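Examination of the molecular architecture
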Amino acid sequence: MFAAERRQLILEMVRANGAVSLRELARVVQTSEVTVRRDVRALEAEGLLDRRHGGAVLPGGFTRESGFPQKSHLSTAEKTAIADLAAGLVGEGEAIVVGAGTTTQELARRLARVPGLTVVTNSLLVAQALAHANRVEVVMTGGTLRGSNYALVGSGAEQSLQGLRVTRAFLSGSGLTAERGLSTSNMLSASVDRALVQAAAEVVVLADHTKLGSDTMFQTVPTDLITRLVTDEPPVHDERAATELQALADQGVEIAVAGPDVESAAGEALATGRQTRQDMPLPGQRRTQGGHGGPGGLGPQLRSASALSEGPVGRVADMRRR
């Protein structure tokens, strides 16, 4: 990798994360910390970032990615409806992975009612939502804490997911298009989300209508790997979101629209030619699968994902499109 390419990648990482250690920069650009330190000095001389002990940070002029406090107040009603509908996909005794995000946090709150469930996550917020759930086993990845969204990222998180296999992954992101699929503005978060996808037989994306048609820096899930999209009904004037939904359906993604009038929305979709591959269960209609749940009353158990991957995780059905 040439110096100019290295420095561009370093700058993108710092812009996406706000602050990155020299060690992590060296790992991503695949060079020594000495070389990275020299690159950081050069970028600082151009006013593009600031050096700090052991790392690099954004200068005052650049805008950081919105953190959890800001995102948690956006589209709250839509996220709640999406979480209600998505929870109907999860059955008793399953093993799933849940990524970081405010919508997945809402989903986790509803999963607390599913007995015998195993949830693997890199999100402290998802784990917290399930911390007192009866008979739900919570498995945390390793990794480095990214404070803006309370997620574990980096090589430790990715390595702890190796060898893991679960039924499905539930992910959200910053943007979703039919052309590139799901994307995010953070490189480290994108890498962990890709590892979560590799561990699952089925990928479910949770995205409200404001993210449809938006394309951000780092791709996490290409469209051909997205099995289902759970979203809300776009406003009548939002042609971009409606067009993107149709394009996603044309590529074989199953579309489920959440909201106060789900049935009429589905009927309208059929009338306009929008394709859905199969009906998604409505909230409260969980599919029951034969399996073994944990003993009642024991509460959640916390252990590493690497330890979980050494033994059987749960029943896995190949649900990918053929």
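Residues numbered from 1 in each chain as written. Predicted model: local features only at pLDDT ≥ 70, side-chain atom pairs only at ≥ 80, totals over all residues. Heavy atoms only, no water.

Here we take up the overall build of the protein chain. Each helix and strand in the protein chain was counted, giving 12 helices and 16 strands. For the protein chain, the proportion of its 322 residues judged to be buried stands at 50%. When the accessible surface of the protein chain is split by element, carbon and sulfur atoms take 50% of a total near 14500 Å². (Helix = DSSP H or I, 4+ residues; strand = E, 2+ residues; numbered from the N terminus. Buried < 20%, exposed > 50% of the residue type's maximum accessible area, 1.4 Å probe, protein only. Areas by Shrake-Rupley, 256 points an atom, 1.4 Å probe, with all protein chains shown as cover.)

This paragraph deals with helix H2 (residues 22-29). Listing the buried residues of H2 in full gives Leu22, Glu24, Leu25, Ala26 and Val29. Positive phi shows up at glutamine 30, right after H2, with a value of about 60°.

For the rest of this paragraph, the subject is the nonpolar core. In this structure, Ile10, Leu176 and Leu229 are the most contacted members of the largest nonpolar core, which totals 55 residues. By residue number, the principal contributor to this core is helix H9 (residues 187-198), which donates 7 residues. When residues no more than four places from it in sequence are discounted, the contact partners of leucine 229 are Leu176, Val205, Ala207, Leu212, Leu245, Leu248, Val253, Glu254, Ile255 and Ala256. Counting residues in each nonpolar core, the second largest holds 30 residues, with Leu111, Val126, Met140 and Phe170 among its members. (Core = buried A, V, L, I, M, F, W, Y, C linked by side-chain atoms within 4.5 Å. Contact = heavy atoms within 4.5 Å.)

Let's shift gears to unusual backbone geometry. Residue arginine 135 is not a glycine yet carries a positive backbone phi of 60°. Counting through the fold element by element, arginine 135 comes out in the loop between helix H7 (124-129) and strand E6 (136-140). Assessed through its relative accessible area of 34%, arginine 135 is described here as partly exposed. Even without glycine at this site, tyrosine 150 takes up a positive phi of about 55°.

Checked against the element boundaries, serine 160 lands in helix H8 (residues 155-160). A polar contact of 2.8 Å, which involves the side chain of serine 160, links it to the backbone oxygen of alanine 157. (Polar contact = N/O pair within 3.5 Å; in protein donor to acceptor, adjacent residues only side chain to side chain.)

Moving on, we get to the confidence of the model for the protein chain. Segments scoring low in pLDDT should not have their predicted coordinates read at a detailed level. Mean pLDDT over the protein chain stands at 77; residues scoring 70 or higher make up 74%. Between residues 261-322, whose pLDDT stays under 50, and residues either more than four places distant or in other chains, the model counts 131 contacts. (pLDDT = per-residue confidence, 0-100.)

Here the focus is the pairing of E6. In terms of burial, E6 is a largely internal element, 5 of the 5 residues being buried. Along E6, one buried face is formed by Val136, Val138 and Met140 and the opposite face, lined by Glu137 and Val139, is buried too. Pairing geometry for strand E5 (residues 117-121) and E6, over 5 bridges, is parallel. In the strand pairing of E6, leucine 117 is matched with valine 136. (Pairing = 2+ DSSP bridges.)

Remark on secondary structure: sheet strands pair via backbone hydrogen bonds, oriented parallel or antiparallel. Read across the open sheet, the 3 strands follow the order E10-E11-E13; overall the sheet is antiparallel. Of all the strands in the sheet, just strand E10 (175-177) and strand E13 (218-221) have a single pairing partner and so form its edges. Sheet twist, expressed as the mean angle between neighbouring strand axes with direction ignored, is 35°. Sheet topology note: the E10/strand E11 (residues 181-184) ladder contains 3 bridges and is antiparallel. The residue bridging leucine 176 from the neighbouring strand is leucine 182, located in E11. (Axes fitted to C-alpha atoms, helices over the stretch in contact; angles between N-to-C directions.)

Now for the packing of H2 against helix H3 (residues 33-45). In the contact formed by H2 and H3, the axes pass within 9 Å of each other and the chain directions differ by 105°. In this view, H2 runs roughly perpendicular relative to H3, as classed from their interaxial angle. Counting all contacts with H2, which are made through Leu22, Arg23, Leu25, Ala26 and Val29, the residues of H3 involved are Glu33, Val36, Arg37 and Val40. Taken together, the residues of the contact of H2 with H3 sort by class into 6 nonpolar, no polar and 3 charged. (Parallel < 35°, antiparallel > 145°, perpendicular 65-115°, else oblique. Nonpolar A, V, L, I, M, F, W, Y, C, P; charged D, E, K, R; others polar.)

For H9, which comprises 12 residues, the first-to-last C-alpha distance of 17 Å matches the rise-based estimate of 16 Å (1.5 Å per residue) to within 8%. Of all the 12 residues making up H9, 10 are buried; the element is thus mostly covered by neighbouring parts of the structure. Within the sequence span of H9, burial applies to Met187, Leu188, Ser189, Ala190, Ser191, Val192, Asp193, Ala195, Leu196 and Val197. N-capping of H9 is provided by asparagine 186, with a side-chain oxygen placed 3.1 Å from the backbone N of leucine 188. (Expected span 1.5 Å × (residues − 1).)

One can find valine 28 in helix H2. Expressed as a C-alpha distance, the spacing of valine 28 and methionine 13, which sit 15 residues apart in the sequence, is 9.3 Å.

Glancing now at the pattern of salt bridges. Under the definition given, this model contains 11 salt bridges. The shortest N-O distance in the salt bridge between aspartate 84 and arginine 110 comes to 2.4 Å. With aspartate 84 in helix H5 (residues 76-87) and arginine 110 in helix H6 (residues 102-111), this residue pair connects regions lying 26 residues apart in the sequence. The class for aspartate 84 is partly exposed, based on a relative accessible area of 31%. Across the pair arginine 228 and glutamate 202 runs a salt bridge whose closest N-O atoms are separated by 1.8 Å. (Salt bridge = Lys/Arg side-chain N within 4 Å of Asp/Glu carboxyl O.)

Two numbers describe how H5 lies on H6: the axes approach to 8 Å, and their chain directions differ by 50°. Considered as vectors, H5 and H6 are oriented oblique to each other. Like other packed secondary-structure pairs, H5 and H6 cross with a definite hand, here right-handed. Within the contact between the two elements, H5 uses Lys79, Thr80, Ile82, Ala83, Asp84, Ala86 and Ala87 and H6 uses Thr102, Thr103, Glu106, Leu107, Arg110 and Leu111. Tallied by class, the residues present in the contact of H5 with H6 amount to 6 nonpolar, 3 polar and 4 charged. (Left-handed = near helix turned anticlockwise from the far one by under 90°.)

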